[in-house]
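Observations on the three-dimensional arrangement
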Amino acid sequence: MSAKISGKDVRLKRAYESPTDSDGTRVLVDRLWPRGVRKTDAAIDYWIKELAPSTELRIWFAHDPSRWEEFRRRYTAEIEAHHEEFDRLRDLALKGPITLVYAAHDETHNDAVVLRELLLAHR
């Protein structure tokens, strides 16, 4: 049986919020670097672009909440095609707290939310 990741060990934070010591390992999960954020200020430990939604999916979704459920379904299928990167993210979460860093303004409808759900559900 695999170890289970605790919800308290996978946090979400916008790239425009200041890093804190409690963030643990900071992982940028967007394909594009957040506009206006300097790399030195972001304190990103890992940038896993391969797990970000494809450009086509990101453009289609356009952060439209009415497309959220379909986005989640399509994005989950994309993640399954990148199982090695997902496993690497899961391994990081099993070692200690991680913060999934994203740039979207909408804090409830973004790729980091889906990744967190999948990390917590994965056995």
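Presented here is an overview of the structure given in this document.

1. Description of the packing of aromatic side chains
One pass over the structure, following the stated rule, counts five aromatic pairs. Note on Trp68 and Phe71: the rings are 5.8 Å apart at their centroids and 25° apart in plane angle, and the pair reads as stacked. Taken together, the residues Trp68 and Phe71, both in helix 3 (residues 68-80) and three residues apart, mark about one turn of the helix. Given the relative accessible area of 9%, Trp68 is considered buried. Centre to centre, the rings of Phe71 and Tyr75 are 5.5 Å apart; their planes meet at 25°, and the pair counts as stacked. Taken together, the residues span about one helical turn, with Phe71 and Tyr75 both in helix 3 at a distance of four residues. No difference in accessibility class separates Phe71 from Tyr75, as the two residues are buried. Each member of the aromatic cluster is reached from another via a ring pair, and the members are Phe61, Trp68, Phe71 and Tyr75. Stacked on the ring of Trp33, the Lys or Arg Lys39 has its end atom at 5.1 Å from the ring centre. The residue whose ring lies beneath Lys49 is Trp47, and the NZ or CZ to ring-centre distance is 4.2 Å.

2. A short note on the pairing of strand 2 (residues 25-28)
Note: strand 2 against strand 4 (residues 98-102), four bridges, orientation parallel. Note that in strand 4 the partner of Leu28 across the bridge is Val101. When strand 2 meets strand 3 (residues 46-47), the two strands line up parallel, connected through two bridges. When the sheet's bridge partners are listed, Val27 is paired in strand 3 with Tyr46.

How each quantity is defined
- Residues numbered from 1 in each chain as written.
- Predicted model: local features only at pLDDT ≥ 70, side-chain atom pairs only at ≥ 80, totals over all residues.
- Heavy atoms only, no water.
- Phe/Tyr/Trp six-rings, centres within 6.5 Å; stacked < 30°, edge-to-face > 60°.
- Helix = DSSP H or I, 4+ residues; strand = E, 2+ residues; numbered from the N terminus.
- Buried < 20%, exposed > 50% of the residue type's maximum accessible area, 1.4 Å probe, protein only.
- Lys NZ or Arg CZ within 6 Å of the ring centre and 35° of its normal.
- Pairing = 2+ DSSP bridges.

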